[in-house]
Amino acid sequence: MNKADAEKHSIVTVEPKYMTFEVYADGKPLQIYSIQPLTMQDKGNSAGNDMCYLLQVELPKDIYSHNAPYEIRVVGHNSQYNESGESVYYLEPPKIRLEKTGKMTFIH
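As the structure is a computational prediction, the values presented were derived from the model and not from experiment.

So, how was this worked out
Residues numbered from 1 in each chain as written. Predicted model: local features only at pLDDT ≥ 70, side-chain atom pairs only at ≥ 80, totals over all residues. Heavy atoms only, no water. Helix = DSSP H or I, 4+ residues; strand = E, 2+ residues; numbered from the N terminus. Phe/Tyr/Trp six-rings, centres within 6.5 Å; stacked < 30°, edge-to-face > 60°. Buried < 20%, exposed > 50% of the residue type's maximum accessible area, 1.4 Å probe, protein only. Pairing = 2+ DSSP bridges. Axes fitted to C-alpha atoms, helices over the stretch in contact; angles between N-to-C directions. Contact = heavy atoms within 4.5 Å. Core = buried A, V, L, I, M, F, W, Y, C linked by side-chain atoms within 4.5 Å.

S.K.: How should I be thinking about the environment of V75 in this particular structure?
M.R.: Its place among the elements puts V75 in strand β5 (residues 70-78). When the C-alpha positions of V75 and Y24 are compared, they lie 8.4 Å apart, and in sequence the two are 51 residues distant.

Next up, the structure:
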């Protein structure tokens, strides 16, 4: 098998059974509601060898009163090879206006 064919049939992402995740907002842990592994096609149209994970987590408790972007840190651990990695993102809190009626209006 040549290199191009071998790459089309190789799995380059950690299998879900070996992965665990933690998510933090400004250093505070967030509850993870679900972890969904997704298979993506790579540039060579080889479905199945590129996988990513979609994590659904709770929002920070003070998101509507927080005035600065949150630092969101996602930590993944591969138990098969005892490896860890992390990514950092920034979440801008929504801008809202509270009406006298109690209705919240999002400001764009």
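S.K.: Got a minute to help me understand the packing of aromatic side chains in this structure?
M.R.: The description of an aromatic ring pair uses the distance of the two centres, along with the angle that the planes make with each other. Evaluation of the coordinates by the stated rule reveals one aromatic pair. For the pair F21 and Y53, a centre-to-centre distance of 5.3 Å together with 55 degrees between the ring planes defines the contact as tilted. Here F21, found in strand β1 (residues 19-25), pairs with Y53, found in strand β4 (residues 50-57); they are 32 residues apart in sequence, far enough to count as distant. As far as the burial class goes, F21 and Y53 line up, both buried.

S.K.: Sorry if this is basic, but what is going on with the sheet that holds β5 here?
M.R.: Backbone-to-backbone hydrogen bonds pair the strands of a sheet. The strands run either parallel or antiparallel. Reading across from one edge, β2-β1-β5-β6 is the order of the four strands in this open sheet, with antiparallel pairing throughout. Each edge of the open sheet carries a strand with a single partner, namely β2 (28-30) and β6 (83-91). Taken pair by pair, the neighbouring strands of this sheet meet at an average axis angle of 30 degrees, ignoring direction. The pairing of β1 with β5 spans seven bridges and is classified as antiparallel. Each residue of the ladder has a partner; that of A25, found in β5, is I72.

S.K.: Would you take a moment to explain the environment of P60 for this structure?
M.R.: Inspection of the secondary structure puts P60 in the loop between β4 and β5. Between the C-alpha atom of P60 and that of A25, which follows or precedes it by 35 residues, the distance is 6.7 Å. Ignoring anything within four residues of it in the chain, the contact list for P60 reads A25, L30 and Y70.

S.K.: I keep staring at the pairing of strand β7 (residues 95-98) and nothing clicks. Help me out?
M.R.: As a general feature of sheets, a regular strand has side chains that alternate between the two faces. Relative to strand β8 (residues 104-107), β7 runs antiparallel, the two being bridged by four bridges. The residue of β8 that forms the bridge with I96 is F106. What sits between the antiparallel neighbours β7 and β8 is a turn of five residues, in which G102 has the positive phi angle 95 degrees.

S.K.: Whenever I open this one, the nonpolar core confuses me. Can you help?
M.R.: A general feature of soluble globular proteins is that nonpolar side chains tend to end up buried together. Core analysis: the largest hydrophobic core is formed by six residues, namely V23, A25, L30, I63, Y70 and I72. Elements with a minimum of two residues in this core: β1 and β5. Excluding residues within four positions of it along the chain, A25 makes contact with L30, P60, Y70, E71 and I72.

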